[in-house]
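Residues per chain are reported as follows:
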Amino acid sequence: MRNTLKNLPRHIYASIFRVGWPADERASIKAMVSSITLHIHAPKIRPGSLGFRASWALGLLSVVALGLLLLTGIYLMFYYIPHPDVAYRTMKDIGYVVPLGRLTRDLHRWAAHGMVITVTLHMLRVFLVGGHKPPREANWVVGVLLWVMTLALSFTGYLLPWDQLAFWAITVGSNMIAAVPWIGPGARELLLGDRIVGESALLRFYVLHCVAIPAVMFALVGFHLFRVRKDGGLIVSEHELPHARHADDGPKLIPAWPHLVYREVAVGLFATALLLAISVAAHAPLEPEADPTRTPNPAKAPWYFLGVQELAHYHAFWGGVFVPAAFVLGLMALPYLDREVRAPGRYFPRERWLACTLFVTLLSFFAAVTVVGTLFRGPGWAFTFWPY
Amino acid sequence: MDAKPRRSFLFAVGCAALGLSAVEALWSTFRFAQARVSYGPPLKWKLGDPKSYTEGVPIYAAEPRVYVLRNSAGLRAMSASCTHLGCTVRAEGEGYVCPCHGSRYDEEGKVVGGPAPAALLFYRLAVDGRGRLEVDLGEAVPPAEHLHGA
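This text gives an overview of the structure that appears in the document. None of these values were measured; they are calculated from a predicted model.

In terms of regular secondary structure, chain B is built from 1 helix and 10 strands. Listing every helix and strand of chain B by position from the N terminus yields α-β-β-β-β-β-β-β-β-β-β. Relative to a compact globule of 150 residues, whose C-alpha radius of gyration would be 15 Å, chain B shows 26 Å and is clearly more extended. Considered along the principal axes of its C-alpha atoms, chain B spans approximately 90 × 40 × 25 Å. Within the span of chain B, comprising 150 residues, buried residues form 36% of the whole. For chain B, long-range pairs separated by at least 24 residues make up 37% of all intrachain contacts whose partners lie at least 6 apart in sequence.

Given below as C-alpha cells:
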C-alpha cells in the first residue's frame with residue numbers, strides 16, 4: 001500500500017486489524033489468532049459446545065453483566081459522594097436530577113442481581129456436567145472465588161445508597177463477622193474502621209466496591225477464561241472428544257468465527273436489551289435516609305443474603321458464619337475429594353446420581369432458606385405464612 | 001541441584017527472603033487498615049436533667065441508643081443494641097423485642113427468647129458538674145449497679 005493521503009484511512013485500519021473482515025475459513029482462523037480479544041477463544045471449536053443447552057450461556061451472561069456493571073458503575077461514580085452527610089443526597093440527585101441517572105442506577109442494580117443469579121446457576125450447571133473434575137480443578141476453585149467476589153461486590157455495594165436498608169443490612173452483616181470466635185470483633189473493626197457503621201465504613205466499602213474487589217475480580221476472570229480454553233473448552237459429550245474410539249465419525253471442528261463469536265454478540269445484545277427493559281419497567285428502591293437510632297421492622301438484607309440472615313436467626317455464628325463458610329470451603333475442596341474422574345459430558349449422568357443429587361439438595365436448601373427469609377418473615381422476624 | 005550446592009542454597013535463601021517480605025507486606029496492610037482515629041459518634045452523651053426520668057416507663061435516648069430506667073434504687077442506662085446482631089430493640093409490653101431476628105428480652109434486659117446470646121448491656125451513668133445526667137458507652141457495668149440520689 002502506498003503511503004499517500006488517499007490511502008490514510010485504509011492504512012490506519014490495516015495497522016490496527018492485520019487481517020481484514022474474514023471471508024473464508026482460513027481468513028477467519030487468521031483473524032481469531034491475530035487479535036488479542038478474539039483469541040480468548042480457540043480458532044476452532046467443537047460443534048457440541050455451541051448448542052444453547054451446552055452452557056445455557058450462563059458464563060457469557062455473567063461476563064456481560066460484569067461489563068454493564070463496570071460501565072454503569074463508572075458513570076455513577078461521577079455523581080456519587082461516599083460521605084454520610086451527602087451520600088443519600090447524591091443518590092436522590094442520581095434518581096431525579098441527573099439526565100438518565102435513574103436508568104443508569106437501575107441498570108447497575110438489576111445487572112448486579114442478574115449476575116448473582118447467573119453466576120450461581122453457572123456453578124450449578126458446571127457441577128452437574130462434572131466440570132470440576134480433572135483437568136479443571138483449579139479453574140473450579142477460581143470459579144468459586146469469583147462467586148464469593150460477586151457476593152462481596154453486592155455486599156459492599158449495598159451500603160453505598162446510605163438508606164435504611166443499606167445501614168441496617170451492613171450493621172447486621174458486620175455483626176455476623178463479629179460473631180466469629182476470637183478474631184471476629186477485630187475483623188469487624190478492620191472492615192468498618194470504627195466501632196459502628198459510619199463515615200469510615202462508607203469510605204472503606206466504597207473503595208472495596210469500586211477499586212479493590214473489581215481489580216482482583218478482573219484478574220481472576222482473565223485467569224478463568226484462559227483456563228477454560230486451556231483445559232479443553234466446554235465439556236461436550238464423549239464421542240466428540242479426540243480420544244474417542246471413532247474420532248473420524250464425530251463431527252468435525254468448526255471455526256469460532258463466525259459460529260461462536262456471532263452467537264456471543266447476539267446473547268450479549270439480548271441480555272443488554274433485557275436488562276434495559278427491566279430497568280425501564282422497575283426502579284431500584286431507595287428507602288428513607290440511614291438513621292442509626294431507628295431500626296426498621298423487619299430489617300432485611302438484600303434477598304440473596306436473606307438465606308444467611310435466616311440461618312443467623314437461629315445462631316449468629318453457627319448459622320450466619322460457620323455454615324456459609326463451610327459451604328464455600330467445601331465447594332473449593334470438592335474437585336480434590338471427588339474420586340470419580342470421568343465426566344461423561346451429560347447433565348445429571350447416571351454414574352453421578354448421588355453427587356448431583358447431593359449438590360442440588362444443598363443448593364435447594366440455601367434456596368429454601370432464602371425463600372423463607374424473603375417471603376415468610378414478617379416484623380420481628382416472626383414466621384408469617386401470608387403477610388400480604 | 002546436588003552438583004551446584006551453592007546455587008541451590010542461594011536460591012533457597014532468595015525464596016525465603018521473598019516469602020518473608022510477602023508476610024511483611026501482608027502484616028503492613030493489616031496494620032495500615034487498623035483505624036487509630038474514630039470519626040464516629042462520641043462514647044459519652046449528655047442525657048439532660050436526671051429528674052426528668054421518672055419511675056415506671058423506660059425512656060429511650062435515641063442518639064446513644066440507651067433506655068434510661070428508674071426504680072426505687074436509682075437510675076440505670078440499658079443498651080438498646082441487640083446482643084445478637086446489633087439492631088435497636090424496642091420496648092414492647094413488659095420487655096423488649098428486636099426487629100431483625102426476633103430476640104426478646106424481659107424488663108431487666110435478660111434474654112427470654114430468640115437468637116440473642118447474652119443479656120442487654122448496662123452502661124455507667126454519672127452526673128456531671130452542671131447537674132446533667134451523662135452516660136458512658138465505653139464502660140459497661142453490672143445490671144445491679146444503680147446511680148443513687150440523682
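Right, let's talk about the overall build of chain A for a bit. Helix and strand counts for chain A come out as 14 helices and 2 strands. In terms of overall dimensions, chain A has a C-alpha envelope of 70 × 65 × 40 Å along the principal axes. A burial count over chain A gives 46% of its 388 residues as buried. Expressed as a percentage of contacts within chain A between residues at least 6 apart in sequence, the contacts between residues at least 24 apart total 76%. Accessible surface, chain A: about 20,600 Å² in total, of which carbon and sulfur atoms supply 70%. Both charge centroids of chain A, one from 34 positive and one from 23 negative side chains, sit 8 Å from each other.

What follows deals with a nonpolar patch on the surface. Residue and element names in this part refer to chain A. Residues Leu5, Leu8, Ile12, Tyr13, Ile16, Phe17, Trp21 and Tyr262 make up a contiguous nonpolar surface patch of about 920 Å² in total accessible area. With 4 residues, the top contributor of residues to the nonpolar patch is helix α1 (residues 8-16). As for its placement among the helices and strands, Phe17 is situated in the loop between α1 and α2 (25-34).

All names here are of chain A. Residue position: Arg109 is located in helix α6 (residues 101-128). Here Arg109 is buried and forms no salt bridge, its nearest opposite-charge partner Asp163 lying at an N-O distance of 6.2 Å. Residue contacts for Arg109: discarding those within four places in its chain leaves Tyr158, Pro161, Ala284 and Pro285.

Our next topic: the sheet that holds strand β6 (residues 95-97) of chain B. Residue and element names in this part refer to chain B. Taken together, the 4 strands give an open sheet; going across it, the order is β5-β6-β7-β8, and neighbouring strands pair in antiparallel fashion. Every interior strand has two partners, whereas the edge strands, β5 (90-92) and β8 (111-113), have only one. Direction of pairing for β5 relative to β6: antiparallel, over a ladder of 3 bridges. The partner of Ala91 across the bridge, within β6, is Tyr96.

Another point: the interface of chain A and chain B. With 28 residues of chain A at the contact, the number on the chain B side is 27 residues. Carbon and sulfur atoms supply 57% of the area buried between chain A and chain B, which totals about 2,100 Å² over both sides. Area buried by chain A at its contact with chain B is led by Leu190(A), Arg195(A) and Thr293(A), which between them contribute 25% of it. On the surface where chain A and chain B come into contact, there are 0 salt bridges. For the pair chain A and chain B, the number of links is 10 residue pairs in polar contact (both at pLDDT 80 or more). Secondary structure elements with two or more residues in the side of chain A that touches chain B: α8 (164-178), α10 (199-230) and α12 (306-314) of chain A. Of the residues forming the side of chain A that touches chain B, the biggest block, 5 residues, is contributed by α8(A).

If you check α8(A), its first and last C-alpha atoms are 21 Å apart, about what 15 residues at 1.5 Å a residue would give, namely 21 Å. Where burial is concerned, most of α8(A) is hidden: 13 out of the 15 residues are buried.

Right, let's talk about the environment of Leu71(A) for a bit. With respect to the helices and strands, Leu71(A) occurs in helix α4 (residues 58-77). Separated by 19 residues in the primary sequence, Leu71(A) and Phe52(A) have C-alpha atoms spaced 27 Å apart.

What follows concerns the layout of surface pockets. Residue and element names in this part refer to chain A. The computed volume of the second largest pocket comes to approximately 1,500 Å³. Surrounding the second largest pocket, 41 residues form its lining, Val148, Leu151, Phe305, Val308 and Pro324 being those nearest its centre. Considering each element in turn, the lining of the second largest pocket owes the most residues, 7 residues, to helix α7 (residues 137-159). Of the residues in the lining of the second largest pocket, the class split is 34 nonpolar, 7 polar and no charged.

A few words on the side chain of Glu310(A). Residues and elements named next belong to chain A. For Glu310, the location among the structural elements is in helix α12. A distance of 2.9 Å separates the side chain of Glu310 from the side chain of Tyr314, its partner in a polar contact. When neighbours within four sequence positions are excluded, Glu310 is seen to be in contact with Val369, Val372, Gly373, Arg377 and Trp381.

With that settled, the discussion passes to the sheet that holds strand β2 (residues 59-61) of chain B. Residue and element names in this part refer to chain B. Across the sheet, which stays open at both edges, the 6 strands sit in the order β1-β10-β9-β4-β3-β2 with antiparallel pairing between neighbours. The open sheet has two edge strands, β1 (44-48) and β2, and neither has a second partner. Pairs of neighbouring strands in the sheet enclose a mean axial angle of 35°, with direction left out of account. Relative to strand β3 (residues 66-71), β2 runs antiparallel, the two being bridged by 3 bridges. Following the sheet pairing, Tyr60 is matched in β3 by Tyr67.

One finds Trp140(A), Leu159(A) and Val89(B) to be the most contacted residues of the largest nonpolar core, which totals 91 residues. In terms of residues, this core owes the most to one element, α7(A), which gives 12 residues. The residues touching Val89(B), leaving out its near neighbours within four places in the chain, are Tyr67(B), Ala80(B), Cys82(B), Tyr96(B), Val97(B), Cys98(B), Pro99(B), Tyr105(B) and Leu120(B). In this structure, Leu47(B), Val68(B), Leu125(B) and Leu147(B) belong to the second largest nonpolar core, which totals 15 residues.

Quick look at the pattern of salt bridges now. The full count for this structure, using the stated rule, is 12 salt bridges over all chains. Across the salt bridge formed by Arg294(A) and Asp291(A), the nearest N and O atoms sit 2.8 Å from each other. With a relative accessible area of 53%, Arg294(A) lands in the exposed category. The closest approach of N and O atoms between Glu134(B) and Lys46(B), which form a salt bridge, is 2.6 Å. Pair noted here: Glu134(B) is in strand β10 (residues 133-141) and Lys46(B) is in strand β1, with a separation of 88 residues, a long-range link. For Glu134(B), a relative accessible area of 17% translates into the label buried.

Procedures and definitions
- Residues numbered from 1 in each chain as written.
- Chains lettered and ligands numbered in written order.
- Predicted model: local features only at pLDDT ≥ 70, side-chain atom pairs only at ≥ 80, totals over all residues.
- Heavy atoms only, no water.
- Helix = DSSP H or I, 4+ residues; strand = E, 2+ residues; numbered from the N terminus.
- Rg over C-alpha atoms; globule rule 2.2 N^0.38 Å.
- Buried < 20%, exposed > 50% of the residue type's maximum accessible area, 1.4 Å probe, protein only.
- Contact = heavy atoms within 4.5 Å.
- Areas by Shrake-Rupley, 256 points an atom, 1.4 Å probe, with all protein chains shown as cover.
- Lys, Arg positive; Asp, Glu negative; His and termini not counted.
- Charge placed at Lys NZ, Arg CZ, Asp CG, Glu CD.
- Patch = residues over 30% accessible without salt bridge, like charges linked within 9 Å, V, L, I, M, F, W, Y side chains within 5 Å.
- Salt bridge = Lys/Arg side-chain N within 4 Å of Asp/Glu carboxyl O.
- Pairing = 2+ DSSP bridges.
- Buried area = accessible area lost by both parts, 1.4 Å probe.
- Polar contact = N/O pair within 3.5 Å; in protein donor to acceptor, adjacent residues only side chain to side chain.
- Expected span 1.5 Å × (residues − 1).
- 1 Å grid on protein atoms, 1.4 Å probe; cavity = no way out; pocket = protein on both sides within 12 Å on 5 of 7 lines; lining within 4 Å.
- Points joined across faces, edges and corners; volume = space filled by probe spheres on them.
- Nonpolar A, V, L, I, M, F, W, Y, C, P; charged D, E, K, R; others polar.
- Axes fitted to C-alpha atoms, helices over the stretch in contact; angles between N-to-C directions.
- Core = buried A, V, L, I, M, F, W, Y, C linked by side-chain atoms within 4.5 Å.

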